[in-house]
Every structure is written in C-alpha cells, then in structure tokens.
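Below, each chain spelled out in residue letters.
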Amino acid sequence: MANYNPVTPRIVAELQQLVGAKNVTVDPDKMQPYSHDEVTDSRYHSLPEVVVFPETTAQVAQVVRLANKERVPVVPRGAGTGLACGAVPVHRGIILSLEYMNKILEVNVESLFMVVEPGVRTEDVQKAAKAAGLFYGGDPCSGDSCFIGGNVATNAGGNRAVKYGTTRDQVYAIEVVTPTGDIVDLGGRLEKVSTGYSLEQLIIGSEGTLGVITKVTLRLLPLPLHVVDLLAVFPTIESAIAIVGKIAKAGVTPTCVEFIDNVTIQSIERFLNEKLPYSDSCHYIIIQVEGKDEDDLDDKSALLDELCTTNGARSVLVADPQQIWRARKAFTETVRHESLIMSKEDIVVPVDQIPQMMRDIAALSGKYGMITRTASHAGDGNIHLNILRCDMPEEEWDHKLDAFQHELYAIVYRLGGKLSGEHGIGAKRLHLMQEVCNPIELGMMRAIKKALDPNLILNPGKIFDVV
Ligand code: MLT
Ligand code: ZN
C-alpha cells in the first residue's frame with residue numbers, strides 16, 4: 001500500500017490555477033455527496049479532501065499529473081450511481097468529477113457512430129441515437145441517471161446484454177488520461193483488429209484504476225422498429241428459471257430475458273402502489289424480442305408462447321412495455337425502501353448453471369435465515385441477489401453476511417461463475433475478490449496496475465490491494 005500525502009492549501013491553489021477557482025471545492029457540505037455512491041451503509045462512505053470539476057481533457061491530464069507528482073490519490077467519478085463504492089475516495093485525496101464534460105460531440109448517421117464526453121447521461125445517448133433514427137445497444141437499469149463514462153469504466157451490463165452484449169461491445173474507441181497524466185487514443189472505428197494488445201478493452205471495466213476516460217466513440221445500430229415484450233408467469237421459481245436455457249436454444253435471440261421472484265414483485269407493487277399482473281403467486285420471466293416486420297414478430301411471439309406454456313407457464317401475455325419496465329427498473333429503489341442496509345450480490349454464472357445456483361441460493365438463505373430479493377438478467381446468467389438487513393442487529397448481520405458470502409462464492413466459483421457480472425468490485429467487494437480470485441490472475445492484475453500507475457495514485461483501494 002502506498003503512502004499518500006495530504007491535499008495541502010498549496011495543492012488546492014494549484015488545482016484552482018489548473019481548472020479555475022469556480023471548479024474546485026473544499027467545502028465539506030458541497031463535498032458530502034461525493035463521499036458515497038448508491039451504497040447506503042455509512043461505513044463505506046469517505047469524504048474527499050477536495051473535489052475538482054475539469055471541463056477539458058487537457059485539464060484532466062494536468063490534475064492527474066499534479067496528483068502523481070504530489071503522491072495524492074485521485075478518484076474519477078461519473079454520476080455516483082455505482083453499487084460497489086467504485087467512486088468512493090477511500091484514501092481521501094481528490095475527487096475528479098467528470099460531470100461538466102457532458103457534451104455529445106458527434107452523431108454520425110452515415111457511418112453509425114457517436115462521440116461523447118464521459119459526463120453524458122446514458123439515457124441522453126439513447127435519445128440522441130433515436131432522434132437520428134438509430135439505436136444505442138446499452139441499457140443499464142439506472143440509465144436515466146448514470147453517465148456513459150461510468151458505464152465504460154465498469155463495463156455496465158443491463159437489460160439488453162443477451163443480444164447486444166455489455167458496454168464494452170458498444171465501444172469503438174476511447175480517449176484516456178493515463179495515471180501519469182498522458183493523453184492517449186485507444187481502439188478505433190474498426191470492425192476487426194489484430195495489432196497488439198487491446199488496451200481499450202483493458203481500460204474498459206477497470207473501474208478508473210488504470211486511466212480516466214475522457215471521450216468515447218460508441219457504435220450505433222439501425223433502430224429496431226418491431227419489438228414486443230412478453231411476460232411469462234410461472235408458478236414456481238424452478239419452472240421460471242428452467243425456461244431460460246430453453247429460450248437460448250429456441251433460435252429467436254431475444255434482446256432480454258429477465259427474472260423477478262414473486263416476493264420481489266409484491267414488494268415492487270407496494271413501492272409503486274400499482275397492481276401488477278399475476279402478482280398473487282407467480283414469478284416473472286420478461287422476454288423482449290425484435291422482428292424484421294410484424295409477421296416475423298408474431299411468429300417469434302407464438303414460438304415463445306408455446307415454449308413457455310408447454311414448460312409450465314400459467315400464462316404468457318403481451319406486456320405493457322411502460323408498466324413492465326417501470327416495475328423492473330424499480331428494483332433497486334424498492335429494496336432500498338425495505339431496508340436501508342443490504343448487501344447487493346451481483347453473481348454471474350454460466351447460463352446453464354442458473355437453475356443450480358438458484359437452488360443453492362434458496363438453501364443458503366434458509367440456512368442463515370436471511371431476507372432476500374432477487375431480480376436477474378437471467379438470459380446472461382447475472383443474478384442480483386439482494387440480502388436485506390432490515391432490523392437484524394449490526395453484529396449479527398456482519399457475522400451472518402460474512403458466513404453467507406463465504407459459502408455463496410465457494411458455490412459460485414465451483415459452478416464456473418464470478419463475483420460480479422456488471423456492478424464491479426469497487427471497494428465493497430475487494431475483500432471477496434482477494435479471497436476468491438485465482439492468485440495468479442490476481443498477480444497479473446497487480447503487475448498491470450503497478451506498471452501503468454507506479455505511484456498507485458489512481459483510484460486506490462479498489463478491486464484489490466496492491467502490496
Ligand atoms: C438492476 O439490474 O436492477 C440493478 O443492476 C441491480 C441492483 O440494484 O441490485
Ligand atoms: Zn442489473
């Protein structure tokens with residue numbers, strides 16, 4: 001672990017010189033929102049010493065160069081909607097907020113790409129693509145608030161990964177400020193490349209530990225014009241989850257296959273104060289599918305209807321897209337409403353192992369008497385298991401959660417899975433990462449970190465400790 005220096009008044013004055021006095025704050029009240037992300041447990045919060053708001057890539061580079069020279073931690077931050085404390089300044093230092101770098105620089109209809117700064121809201125990327133008659137494939141549940149830079153930094157997944165992949169699949173190229181303050185363009189608007197290491201792919205998903213993303217070139221696609229959302233309701237979790245593998249083999253390539261368990265559906269109903277279909281006892285599978293025209297869409301819907309019905313669905317209905325996605329996207333807030341303190345597991349397993357994983361989760365929850373809520377991007381094997389503390393005493397919670405996670409991740413890794421499918425490791429899962437990750441793999445990651453960031457100033461205390 002590196003020894004970091006404090007941010008002195010001299011350093012604050014230098015930062016003011018670099019980005020302008022109005023773009024620097026040391027006011028504790030103004031810095032408070034930058035002490036946390038969406039994780040509500042205050043034990044994971046930490047106040048920075050200063051927050052800076054650069055407006056250009058050159059300013060970002062100058063701030064990082066200064067931090068590197070002074071051995072001060074610098075933590076890049078987007079909208080702060082993360083769920084793993086990836087943007088929390090655990091070693092204090094400088095928060096580098098990218099919220100003023102929020103311009104859409106180009107939408108190219110002819111060649112299907114968009115160039116954006118990191119502080120553009122993901123929903124605005126989607127809207128700008130749509131306004132040009134095109135489509136952006138990424139769709140994290142927090143799309144109305146998260147920033148594209150954060151999506152790239154965490155390789156955010158979301159609802160359409162089954163067909164379109166995760167954020168890394170939407171990215172052609174990135175402009176990056178390295179931990180020593182150089183500016184480099186990585187990747188390219190290419191459909192194939194075999195020219196050395198894919199450094200842009202290394203930076204994507206590195207959670208701000210290897211570089212600050214200052215510009216992104218995104219891939220756009222033709223806008224799908226014929227889309228339907230089917231809601232298949234099942235009487236048991238087992239039958240609902242079993243359909244996921246069958247859909248994968250049915251030859252329709254859905255855009256999304258989402259699962260929500262019944263207790264969670266009822267909880268969402270209470271939170272939204274809205275009646276949802278078959279909420280008395282059924283578990284949901286939401287399937288979104290696209291067709292080349294209405295006939296094609298009808299054929300695919302009929303095939304999926306038959307598949308679900310013959311495999312135990314009580315009903316398959318054409319869902320109201322507004323209602324069903326409002327309900328699905330309310331998951332995070334619903335759970336927070338039930339219990340301010342929770343542990344958000346973001347398990348990912350091979351799709352064919354989801355049924356076994358769900359059985360193991362049920363057994364473990366019973367064994368430890370934990371209250372759980374589950375929504376899942378089931379089509380890509382990503383299970384959001386939220387464990388709620390509710391009124392459990394703190395000491396009991398810490399103890400039980402630790403034992404629960406220990407057993408849970410032993411199973412996840414035995415099934416061929418990993419710690420996080422899309423939320424990342426951040427500071428919150430660092431201890432688990434060091435426990436479950438292959439030591440050789442961890443050693444390779446540490447070597448890369450040390451090579452690119454010799455003074456360990458960029459987002460320290462995230463993913464793993466460097467010793
Ligand atoms: C979601 O898909 O709803 C979020 O990524 C999950 C969560 O809040 O656990
Ligand atoms: Zn999710």
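Residues numbered from 1 in each chain as written. Chains lettered and ligands numbered in written order. Predicted model: local features only at pLDDT ≥ 70, side-chain atom pairs only at ≥ 80, totals over all residues. Heavy atoms only, no water.

1. Details of the packing of helix H9 (residues 262–272) against helix H12 (residues 331–338)
Piece 1. The contact between H9 and H12 brings their axes to 9 Å, and the two run at 85 degrees. If you check the angle between H9 and H12, you find them roughly perpendicular. For the pair H9 and H12, the contacting residues are Thr-264, Ser-267, Ile-268, Arg-270 and Phe-271 in the first and Phe-331, Glu-333, Thr-334, His-337 and Glu-338 in the second.
Piece 2. Within the contact of H9 with H12, the residues separate by chemical class into 3 nonpolar, 4 polar and 3 charged. (Axes fitted to C-alpha atoms, helices over the stretch in contact; angles between N-to-C directions. Helix = DSSP H or I, 4+ residues; strand = E, 2+ residues; numbered from the N terminus. Parallel < 35°, antiparallel > 145°, perpendicular 65-115°, else oblique. Contact = heavy atoms within 4.5 Å. Nonpolar A, V, L, I, M, F, W, Y, C, P; charged D, E, K, R; others polar.)

2. Considering H12
Piece 1. Along H12, the residues that are buried comprise Phe-331, Thr-334 and Val-335. Along the axis of H12, the buried positions cluster into a sector of 95 degrees, meaning they face one direction only.
Piece 2. Looking at the buried positions of H12, the neighbouring elements they touch are H9, helix H11 (321–329), strand E16 (342–348), strand E17 (371–377) and strand E18 (382–388). (Buried < 20%, exposed > 50% of the residue type's maximum accessible area, 1.4 Å probe, protein only. Arc of directions from axis to C-beta.)

3. Some points on the pairing of strand E9 (residues 183–187)
Piece 1. With 5 bridges connecting them, strand E8 (residues 171–177) and E9 associate as antiparallel partners. Counted as the bridge partner of Val-177 is Ile-183 from E9.
Piece 2. Two successive antiparallel strands, E8 and E9, enclose a turn made up of 5 residues, where Gly-181 displays a positive phi of approximately 90 degrees. (Pairing = 2+ DSSP bridges.)

4. Here's the deal with the packing of helix H8 (residues 237–248) against helix H13 (residues 354–368)
Any two packed helices are characterised by the angle at which their axes cross and by the distance between the axes.
Piece 1. Taken N-terminus to C-terminus, the directions of H8 and H13 make an angle of 155 degrees; their axes are 9 Å apart at the nearest point. In terms of orientation, H8 lies roughly antiparallel with respect to H13. You can see that H8 and H13 cross each other, and the crossing is right-handed. In this structure, H8 uses Ile-237, Glu-238 and Ile-241 to contact H13, whose residues at the interface are Ile-354, Pro-355, Met-358 and Arg-359.
Piece 2. A per-class count over the contact of H8 with H13 returns 5 nonpolar, no polar and 2 charged. (Left-handed = near helix turned anticlockwise from the far one by under 90°.)

5. Thoughts on the nonpolar core
Piece 1. Counting 56 residues, the largest nonpolar core has Ile-285, Ile-347, Met-357 and Leu-408 as its most contacted members.
Piece 2. At 7 residues, the largest contribution of residues to this core is made by helix H14 (residues 394–414).
Piece 3. Once you skip the residues sitting within four places of it in the chain, Ile-285 turns out to touch Leu-230, Leu-231, Ala-232, Phe-234, Ala-240, Ile-243, Val-244, Val-257, Glu-258 and Phe-259. (Core = buried A, V, L, I, M, F, W, Y, C linked by side-chain atoms within 4.5 Å.)

6. Describing the pairing of E17
Piece 1. Where burial is concerned, most of E17 is hidden: 6 out of the 7 residues are buried.
Piece 2. Relative to E17, strand E13 (residues 256–260) runs antiparallel, the two being bridged by 2 bridges. Pairing of Ile-260 across the sheet is with Ala-375, part of E17.
Piece 3. Sheet topology places E17 next to E18; 7 bridges connect them, and they run antiparallel. Paired with His-377 across the strands is Asn-382, a residue of E18.
Piece 4. Count of turn residues in the E17/E18 antiparallel hairpin: 4 residues, of which Gly-381 carries a positive phi of about 80 degrees.

Read these as spatial facts, not as claims about activity.
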